[in-house]
Amino acid sequence: MITIIGTWIAAFFTLAIFSFLYKDNPFYKFAEHLLVGISVGYGIGLIWHNAFIGYVWIPIINNHQYIYIIPTLIGLLYLGFLHKKTIWLIRIPISISLGIGTGFGVPLIFQTYIFTQLRETLTVFNHPGMGFWAIVSTALLVIGVFTAIIYFFFSWKHKGTVGVLAKIGIYFLMIGFGASFGLTVMGRISLLIGRFLFLFKDWLHLIG
Amino acid sequence: MRLRKLRVILLMLILLTVPIFSEKPLEVKAIGDLQLEDYKYDNAASIILKFKLSPDDFLSKLKLSKDGILRTSEMLPDGNMVEYGLLPNGTVEIKKDGTTKNVNMTDLESPIRNDLVKFYHIYFKIGQIKEPFNAEEFSEFSNISTIRIAKNIYSYKAKKDLSIINKFRLPYYKTDDNYYYIRFKGLDDLKKSYIEDFENKIKVKKGELTFENKKNTIKKEILKLKEKYINNKKKLKAEKDQDIKKELISLKGEFNEEVGSLKSKLQELKKKKIDKEKKNEIKKEIILLKEELKKAKKDFAITFTVAAESKEGMETYCELFSTITPKVEQINLDKLWIFLFSIGFIIIMLLLYNSAKKGKKLYVRAIAGLSAVEEAVGRATEMGKPVLYISGISYITDIQTLASINILGQIAKKVAIYETPLIVPVNDPIVYTVLREVVREAYVDVGKPDAYQEESVFFLTTAQFAYAAGVNGIIVRDKPSTIFYMGSFFAESLLMSETGNQVGAMQIAGTASTTQIPFFIASCDYTLIGEELFAASAYLSRDPLLLSTIKAQDYGKALIMLLMILGLTLELSGIHWIIYILQNIPD
Amino acid sequence: MKRTIPLVLVFTLGVIYFFAGFFSNSFSVNFLQQEIYANWLKIVGTFAIIMSVTSLWRRNYIKIKRKAPGYVYNYIELIGMVVMASFAVLLPKVNIGAGMVLGGIEKNSVFNWIFMNIQVPMQATMFSMLAFYIASAAYRAFRARNIEATLLLITAAIVMIGRVPLGENIYQAMSGVNSHFLPEFHWAGIFDFQGITQWILDIPNTASKRAIVFGVAMGGIATSLKIVFGIEKSWLGGTE
């Protein structure tokens, strides 16, 4: 019984959200506001049970790991948000997260983005037995990387030779974006089919 | 000024703590045909082992195990590498040629062979993924072609990627050699459990010694009881009560009873008492254990097994037992180049910053999307409609979000000058508080603090699609004439930007999320691609100090291009040292 | 003071963590990278929920108080949040029949039931609506008559066909095609959508992604350093 009610409710809200495709209407407004409210409530529930109980309450109260009082106190500085005079206190937890994140990030970006990509680019010709077409393609790959980087140079005006190279670069970028676009389409359609299957199969039992 | 001095002092202090690099040799005891040729510490938690197999053609699978627990990676002879343990618990659904296989990831003896590589990266991505999962974020890794994700089931088809094995080939090798490399991960976990074992042993030993302490506490308790008894006696006598005798008798009885039970406890303990010699022995043992623990904390020994299976099945295999005593490196020398590059970039940036401070003018080319910002804000003012600013759906520690915060600072100033209404629904609570202050400050900056409206910046929800639903509602109801999308975006990008397009808003987007750029290009008037997002705030502010960092970015890119030209030229002429350096840098 | 403390913190921690990545001693790996980076920051972040709840409450309260148009829906938003949160946090975990539990966030709790039957279907529907939006976006790109948009769309179309069985069917139907003009040329090859798609993904797509990654990396590093060195201070919010 509870499952059937659940399916009907789910179907109602599915249709309510779909109705936005036609135009904004009270059903969509109702669904949208409920979704926002519920999702925040869901976040509260998850954080309370998984984060607060799991990382703060159990370690400190049950396991006596009092060291975790320090991050708890830092986190409590977010309460400074509630009053105009103490609002600057929230900068402390923010600055701690930011300092750690950015400081740790710099070498990591060098490592994972720049050096890895550089290595992959430099080894493109290192495949024994490359045919003519493979060599041309690989050369094209290198040209693509070069010209597209030139597009991103901010110190140079896009005029003359630089302009031409940047233009070629943007063409490569566009082909890349087109590929991303094309790859995503099927995934989105299958999602839509999934929703329709829910409506016609699970809810209306029109298809077996 | 003081701040700068403090920085220098801090920098010096940190540099002074750099310890000296040292590494201990590996002890190897090999049995069978599998020979350990070389090894290399990758970082604190892993070691790469290099094997030679003879004969090499009988092998189909290399397995690595430690006491049957650890089997984190598997290098397949055809060049593919499978890493286990790093996946989250759950089922992996593998599709190949129309057939589907479900593999339980806790089951390390999985039938995965040649189709899957780079689990590690997949895991890495899952950590960042928002709910519900974004399948397309995975496809960014070029070796994985299709992925479908539903609840806990990840399914993907991966291409063979020979570049992975290349990473483990320390010098530059031909593809047809007979070496195999294995990365042994989780040394840190092993060490942890090893140390915990020692600590437990010490605890047990210490427990045997506690007898002494117990005796002393019992004696103390008896003394306390005596004191109490005497005090009570005095009190009773002072009151001169009629029934004093009865009370005294009962009091004495109670006292005797309590003391008696304690004394019997003491006797029991005495029976168990161990002589001094034994006590000293235990103490010595504890000291030894503590010394060992100290050693173990520095380095520890593990034995592991590498088994090679034949192609036919389990018939032939050989095993290798090696005891390694890894002394973890203090400094990761593999990362030396990263260090040098980072420091180099920092120096370039600070030099440019200083020269800008001295008043040197720096040229930055026009960026179409950003030149249009003025027009976009002006349009909203003319139409008397609000400007909507979407700051992406990531956390404050995301560099894209940081860039977005900086951009809003500039846009809010322009909006404040014209007193155009501004709507900023935010996805993350921390980002929300920062943006609120940024906007308030912008109004103060241009001298219109009264025009600032408290509710123009607000938190909506962290849930990805709930956020998109809410923003769509705002777009159709408030009909903003200008919408900015700046920051980190996922699948929801098109939901918002198409709705914005339908209400006829002028839209300017900027993101470094490559999977979303095409959708912004299709639905927005202007799109800042990748790095342009990071240049935007400096560009909009026209502050020469900030513009100097854009210059630094250009120098960095120029360096990359130079390295590419040099590297390719050297590679093509058969000199491989740049690749050698790059391949030693861990992923 | 209100600005100096955060700026000093950002700089100090930024420098420490910049170096932490290069050290593999136990202090760096187990304490800095594991304990603080993984555990402490998680705890600190937990408390940010306070701000989300107060902001949501304040925004809806103001609208209701002013009786702004459509303020009824603000009640719904508040009710949604309060109901969800109280099921998770306040109500006891008692059995209410049909295998359900009143409080908590377990699989058989009311909280999870609401999530699975209201939030999940709505989110999935939002996600699936992208299919329509992609179509309209593609149509718009089709109408924009410049080279960039055309390139994007053509590539998208080829990749799309190359990814579905249709592409394979076209190739097979065309494999018999031959021409008297240039007889040695493999004409059917131009219909090999799968092969072309693979080439697009391997060559121009890889080139474009790599260039973007280099740029984004430089931009990201510069943005991070600007914050560590206090060149960019807008994250502080105010100037006070």
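The coordinates are above.
It should be emphasised that the depicted structure is a prediction, and the values quoted were computed from it without experimental measurement.

Visitor: Talk me through the interface of chain A and chain B; I want residue IDs and the actual numbers.
Guide: Contacts between chain A and chain B engage 57 residues on the former and 72 residues on the latter. Per-residue buried area on chain A facing chain B is highest for Arg119(A), Leu122(A) and Phe154(A); these three make up 15% of the total on that side. On the surface where chain A and chain B come into contact, there are two salt bridges. The salt bridge partner of Glu32(A) is Arg477(B), with a shortest N-O separation of 2.7 Å. Linking chain A with chain B are 13 residue pairs in polar contact (both at pLDDT 80 or more), by the criterion used here. At the level of elements, helix H2 (26-62), helix H4 (91-122), helix H5 (132-151) and helix H6 (160-203) of chain A are the ones that each hand at least two residues to the side of chain A that touches chain B.

Visitor: So, the sheet that holds strand E14 (residues 422-426) of chain B: which residues are in play, and what are the values?
Guide: Residues and elements named next belong to chain B. One open sheet holds the six strands; their spatial order is E15-E14-E13-E16-E17-E18, and the pairing between them is parallel. Because the sheet does not close on itself, it has two edges, and the strands there are strand E15 (457-459) and strand E18 (526-529). Direction aside, the axes of adjacent strands within the sheet are offset by 15 degrees on average. Where strand E13 (residues 387-390) lies against E14, two bridges are found, and the strand directions are parallel. If you follow Leu 388 over to E14, its bridge partner there is Ile 423. Set on the sheet, helix H10 (residues 368-383) makes contact with E13, strand E16 (482-486), strand E17 (506-511) and E18; between it and E17 the angle comes to about 145 degrees.

Visitor: Can you explain the pairing of E17(B)? Please cite residues and give values.
Guide: Residue and element names in this part refer to chain B. A large share of E17 lies buried, amounting to six of its six residues. Alternating positions in E17 separate into two faces, Met 506, Ile 508 and Gly 510 on one and Gln 507, Ala 509 and Thr 511 on the other, with burial throughout. By the bridge criterion, five bridges tie E16 to E17 in an arrangement that is parallel. Among the inter-strand pairings, Ile 483 is bridged to a residue of E17, identified as Gln 507. In this view, the connection linking E16 to its parallel neighbour E17 by way of helix H14 (residues 492-502) has right-handed handedness. Bridging between E17 and E18 involves four bridges; their strand directions are parallel. Considered in E18, the bridge of Gly 510 is made with Leu 528.

Visitor: Describe the packing of H5(A) against H6(A), naming the residues involved and giving the relevant values.
Guide: Any two packed helices are characterised by how steeply their axes cross, that is the angle between the axes, and by the distance between the axes. Residue and element names in this part refer to chain A. At a minimum axis distance of 7 Å, the contact between H5 and H6 shows a crossing angle of 115 degrees. It follows that H5 is roughly perpendicular to H6 by the angle criterion. Considering the relative orientation of H5 and H6, their crossing is left-handed. Of the residues in H6, those in contact with Leu 140, Gly 144, Thr 147, Ala 148, Ile 150 and Tyr 151 of H5 are Val 162, Leu 165, Ala 166, Ile 168, Gly 169, Ile 170, Phe 172 and Leu 173. Looking at the contact of H5 with H6, its residues break down into eleven nonpolar, three polar and no charged.

Rules behind the numbers
- Residues numbered from 1 in each chain as written.
- Chains lettered and ligands numbered in written order.
- Predicted model: local features only at pLDDT ≥ 70, side-chain atom pairs only at ≥ 80, totals over all residues.
- Heavy atoms only, no water.
- Contact = heavy atoms within 4.5 Å.
- Buried area = accessible area lost by both parts, 1.4 Å probe.
- Salt bridge = Lys/Arg side-chain N within 4 Å of Asp/Glu carboxyl O.
- Polar contact = N/O pair within 3.5 Å; in protein donor to acceptor, adjacent residues only side chain to side chain.
- Helix = DSSP H or I, 4+ residues; strand = E, 2+ residues; numbered from the N terminus.
- Pairing = 2+ DSSP bridges.
- Axes fitted to C-alpha atoms, helices over the stretch in contact; angles between N-to-C directions.
- Buried < 20%, exposed > 50% of the residue type's maximum accessible area, 1.4 Å probe, protein only.
- Right-handed = clockwise from strand over helix to strand, strands pointing away.
- Parallel < 35°, antiparallel > 145°, perpendicular 65-115°, else oblique.
- Left-handed = near helix turned anticlockwise from the far one by under 90°.
- Nonpolar A, V, L, I, M, F, W, Y, C, P; charged D, E, K, R; others polar.

These results come straight from atomic positions and should not be treated as a statement about function.
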